[in-house]
Amino acid sequence: MYGIWEIVRDQGYFYEDGERISFDEPIGDEYCEFSEDGSGNFLGINCDWNLSGNRLAISVYGETMIFTVTSLTAAELIIEVSGRYGDGEYYKKFTMRKVD
């Protein structure tokens, strides 16, 4: 888990004005870094992180996002998050490859 990961795919959906909007986009040049001391960088923003089982908590600006780690190998990391906001729900899946 430690190291630098490049986000290579961003998938999911959200609702806007009652309509479900899906997306599946290749990404590049966006990174997440997870240091051994629990500090890191999530999409260019300093963060704290903690992994417990398959639960990845990333704290940014006092807010904590809880992701589910669905795959973790030496070369690939896949995390997912979902929830509700307003009258809708959202789902987001990041696929990352290890770069360092």
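From a predicted model like this one, the values you see are computed outputs, not experimental measurements.

Draft legend 1. Structural view of the overall build of the protein. Tallying secondary structure elements over the protein gives zero helices and nine strands in all. Listing each helix as α and each strand as β along the protein from the N terminus yields β-β-β-β-β-β-β-β-β. Taking 13 Å as the expected radius of gyration for a compact globule of 100 residues, we find that the protein reaches 14 Å, a close match to that expectation. By principal-axis analysis of the C-alpha atoms, the protein measures approximately 40 × 30 × 25 Å. Each of the 100 residues in the protein was classed as buried or not, and the buried ones make up 32%. Just so you have it, the protein exposes about 6,100 Å², and 44% of that area is on carbon and sulfur atoms.

Draft legend 2. The arrangement of the nonpolar core in detail. Formed by 18 residues in total, the largest nonpolar core has its most connected members in F34, L56, I58, F67, L77, I79 and M96. Once you skip the residues sitting within four places of it in the chain, L77 turns out to touch M1, W5, F34, V69, S71, L72, F94, T95 and M96.

Draft legend 3. Quick peek at the side chain of T95. Here T95 is to be found in strand 9 (residues 88-98). Judged by its relative accessible area of 11%, T95 falls in the buried class. Not counting chain neighbours up to four residues away, the residues in contact with T95 comprise E6, I7, V8, R9, Q11, E76, L77 and I78.

Draft legend 4. How the structure looks around the environment of S39. For S39, the position within the fold is in strand 4 (residues 39-42). On the basis of relative accessible area, S39 is assigned to the partly exposed category, the value being 26%. Apart from the residues lying within four places of it in its own chain, the contact partners of S39 are E33, F34, C47, D48 and W49.

Draft legend 5. Examining the pattern of salt bridges more closely. A complete count under the given rule lists four salt bridges for this structure. Of the charged contacts, one joins E6 and R97 as a salt bridge, the two residues approaching to 2.6 Å between their closest N and O atoms. Placement of E6 in strand 1 (residues 3-16) and of R97 in strand 9 is noted, with a sequence separation of 91 residues between them. Its salt-bridge partner being R84, residue E89 comes within 3.5 Å of it at the nearest N-O pair. Given the relative accessible area of 28%, E89 is considered partly exposed.

Draft legend 6. Examining the pairing of strand 3 (residues 31-34) more closely. Side chains C32 and F34 project from strand 3 onto a buried face, and the interleaved Y31 and E33 project onto a face without burial. When strand 3 meets strand 4, the two strands line up antiparallel, connected through three bridges. When the bridges of strand 4 are listed, C32 appears paired with F42. Where strand 3 hands over to strand 4, the hairpin turn is made up of four residues, of which G38 adopts a positive phi near 90 degrees.

Parameters at a glance
- Residues numbered from 1 in each chain as written.
- Predicted model: local features only at pLDDT ≥ 70, side-chain atom pairs only at ≥ 80, totals over all residues.
- Heavy atoms only, no water.
- Helix = DSSP H or I, 4+ residues; strand = E, 2+ residues; numbered from the N terminus.
- Rg over C-alpha atoms; globule rule 2.2 N^0.38 Å.
- Buried < 20%, exposed > 50% of the residue type's maximum accessible area, 1.4 Å probe, protein only.
- Areas by Shrake-Rupley, 256 points an atom, 1.4 Å probe, with all protein chains shown as cover.
- Core = buried A, V, L, I, M, F, W, Y, C linked by side-chain atoms within 4.5 Å.
- Contact = heavy atoms within 4.5 Å.
- Salt bridge = Lys/Arg side-chain N within 4 Å of Asp/Glu carboxyl O.
- Pairing = 2+ DSSP bridges.

So yeah, pure geometry; function would need other evidence.
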